[in-house]
Amino acid sequence: MSLYIYNTLSRSKEEFIPIDPELVRMYVCGPTVYGHMHVGHAKSYISFDIVRRWLTHLYGDSGLLYVMNITDVGHLVSDGDEGEDKVEAQARRENRSPFEIAAYYEASFWEDMKALNCLMPDRIPHATDFVRQQIKMVEEVIAKGVAYEVNGSVYFDVDAWQKKEKGEGFIEYGGLSNRKIEEQTGGERIEANPEKKNPQDFALWKRADEEHFMQWLSPWGWGYPGWHLECSVMSSFYLGKTFDIHGGGIENQFPHHECEIAQSQAANDAPFVRYWMHHNMVNVDGQKMGKSFGNASNVKELIARIGGMPLRFFIAQSHYRSPLEFDLDAIAAAGSGYERLRGTILRLREITGAASDDEPVFKGYPEVEGIWTKFSDAMNDDFNSPVAIGHLFEGVSNVNKLLTSGSEDRSLLEAYNVLLTLGFENILGLTFDVEDGKGGVLTDDLMKLIIDLRNSARAERNFAVADKIRDWLKEAGVVLEDGKEGTRWSVSV
RNA sequence: GGCGCCGUGGCCGAGCGGUUAGGCAGAGGUCUGCAAAACCUCGUACAGCAGUUCGAAUCUGCUCGGCGCCUCCA
């Protein structure tokens, strides 16, 4: 079965056919770095990390070029002239420079990404490094006759663009979000900027006031780039004028992506993106989670409290295009599910050792291969990770049964180990090992000592002491389990 | 006002015309000194109304309720 992706352009699932079968090219809207990551961001980047991992699985390690931008220029708080820059606003609040703010929160972002086990993109362009190219693109759009300068600002002329003749594969303005611009009431909620010819025109370049900290010299005077421009410039810089996949949040469909499409097509004289992927939002009490709503749950705090993997598992258990209801009970439930999974995998690996990472190991075990096939089909069906997880849990259950019955079929267990490793670790990006720093061998020896002591107490039926030891260890985060084969210990996450 | 989405068992969450989603929680049981873990057994849900169909959670219409975008936003 081949891969199908829900394409916002057609509002349906389409078979994915890359422009270049040797190299899939994908761009994802990265964060504006003026605050810490919240759970909404986590959904976004974990979702696309899973997409990326599955594409890598299908096309090979060198078969995907994955670009994510970092927006380190604050864009306007609104499109009007009163526009304040979000990064500068945060800088004022923290009494630091905008550059420090961007650097600080970007470092924070990658720290959280690592804790969530999101792989680094192949290219990570920063908006401030591409100002010259952005200016160049503005000039190109002007040259095409679909942008105009007013008082040091440059606006995209939507009307002129619509009237232009366009070739095969080009998208009208409004074609992504299914809007007819003539029918837009236009500027209902914000006062129309008097500099614009039409309310739907958008800024490519903005004139900067004296006090604006981040500004660059352009042919139109001192200013800064408009808020849609960087993605157009940086995506085509790395991926070409026309590339395969562009991902982002559903709230950016309009106007952000719509504008990206228009200006990229105008500047490059080429179609822009083949497949648009939009993920849905995280809700709290039915409301969208967002910084400005004051309901954003900070990822760092959550990781400290429950760990990064339960959060990742929670997110992977819902589909990327569905809104996800966030509450502490739901996430605790996901945590329990993750723990069960982890317990199984760690016990399995005590027998099999690390997985060999080879699909052929399935061979000879149709039940294992069957689960992998169902898993793959689910992933190929628009990256349906919740269904994929459901199938993988069948494997978890089977392993537990084998383990409980004391199965001697080691190679079957190894096949399952490969299955669970591929699915849960490689594709879904979960990890199960506990980093115990250095002292691995020492810890093992010490634990053996403690367990021996406790077991001699048990042999003497001194259960008070035995239970006390178990309670103490539990408080220290070490869980003891007495089984037929002896006592095993593990570190709880 | 325009465009779009959703309403599933105690909770989260799949589902795209006919077969068990899955996870969590709960009840009983097996095992255990007790725990823990694991295993076994147990729930017949799909907002309401009408329609299409041999058959609908799944298609159509209406009603009620909720959400998103149209303004920065993952």
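Each value, and the rule that gives it
Residues numbered from 1 in each chain as written. Chains lettered and ligands numbered in written order. Predicted model: local features only at pLDDT ≥ 70, side-chain atom pairs only at ≥ 80, totals over all residues. Heavy atoms only, no water. Helix = DSSP H or I, 4+ residues; strand = E, 2+ residues; numbered from the N terminus. Buried < 20%, exposed > 50% of the residue type's maximum accessible area, 1.4 Å probe, protein only. Contact = heavy atoms within 4.5 Å. Areas by Shrake-Rupley, 256 points an atom, 1.4 Å probe, with all protein chains shown as cover. Lys, Arg positive; Asp, Glu negative; His and termini not counted. Charge placed at Lys NZ, Arg CZ, Asp CG, Glu CD. Domains from an automatic or database assignment. Buried area = accessible area lost by both parts, 1.4 Å probe. Salt bridge = Lys/Arg side-chain N within 4 Å of Asp/Glu carboxyl O. Polar contact = N/O pair within 3.5 Å; in protein donor to acceptor, adjacent residues only side chain to side chain. Pairing = 2+ DSSP bridges. Axes fitted to C-alpha atoms, helices over the stretch in contact; angles between N-to-C directions.

When you go through chain A residue by residue, the secondary structure sums to 15 helices and 16 strands. If one aligns the C-alpha atoms of chain A with their principal axes, the spans along those axes are about 90 × 55 × 35 Å. Sorting the 493 residues of chain A into buried and exposed places 52% on the buried side. Expressed as a percentage of contacts within chain A between residues at least 6 apart in sequence, the contacts between residues at least 24 apart total 75%. For chain A, the accessible area works out to roughly 22,700 Å², and carbon and sulfur atoms hold 50% of it. Taking the 51 positively charged and 76 negatively charged side chains of chain A as two groups, their mean positions are separated by 3 Å.

Looking at chain A, the domain boundaries give domain 1 (14-279), domain 2 (299-435) and domain 3 (443-491). On a C-alpha basis, the centroid separation for the pair domain 1 and domain 2 is 35 Å. Taking both partners together, domain 1 and domain 2 bury about 2,300 Å²; carbon and sulfur atoms supply 70% of that area. Broken down residue by residue, the surface that domain 1 buries against domain 2 is led by Lys 43, Ile 50 and Trp 54, which jointly contribute 30%. The interface formed by domain 1 and domain 2 contains three salt bridges. A salt bridge links Lys 300 to Asp 112; the nearest nitrogen and oxygen atoms lie 2.8 Å apart. Across the domain 1-domain 2 interface, the total number found is 13 residue pairs in polar contact (both at pLDDT 80 or more).

Okay, the pairing of strand β5 (residues 147-150) next. Sheet topology note: the β5/strand β6 (residues 153-156) ladder contains four bridges and is antiparallel. Looking across to β6, one finds that Val 150 is bridged to Ser 153. As consecutive antiparallel partners, β5 and β6 are separated by two residues, and within that stretch Asn 151 has a phi angle of approximately 50°, a positive value.

Let us now look at the sheet that holds strand β9 (residues 221-225). Taken together, the five strands give an open sheet; going across it, the order is β5-β6-β7-β9-β8, and neighbouring strands pair in antiparallel fashion. Unpaired on one side and paired on the other, β5 and β8 (216-218) mark the two borders of the sheet. In this sheet, adjacent strand axes meet at a mean angle of 35° when their direction is disregarded. As judged from the three bridges shared by β6 and strand β7 (residues 202-207), these two strands associate in the antiparallel manner. Counterpart to Tyr 155 in the pairing with β7 is Ala 203. Against the sheet, helix α7 (residues 253-268) contacts β6 and β7, and its axis sits at roughly 80° relative to β7.

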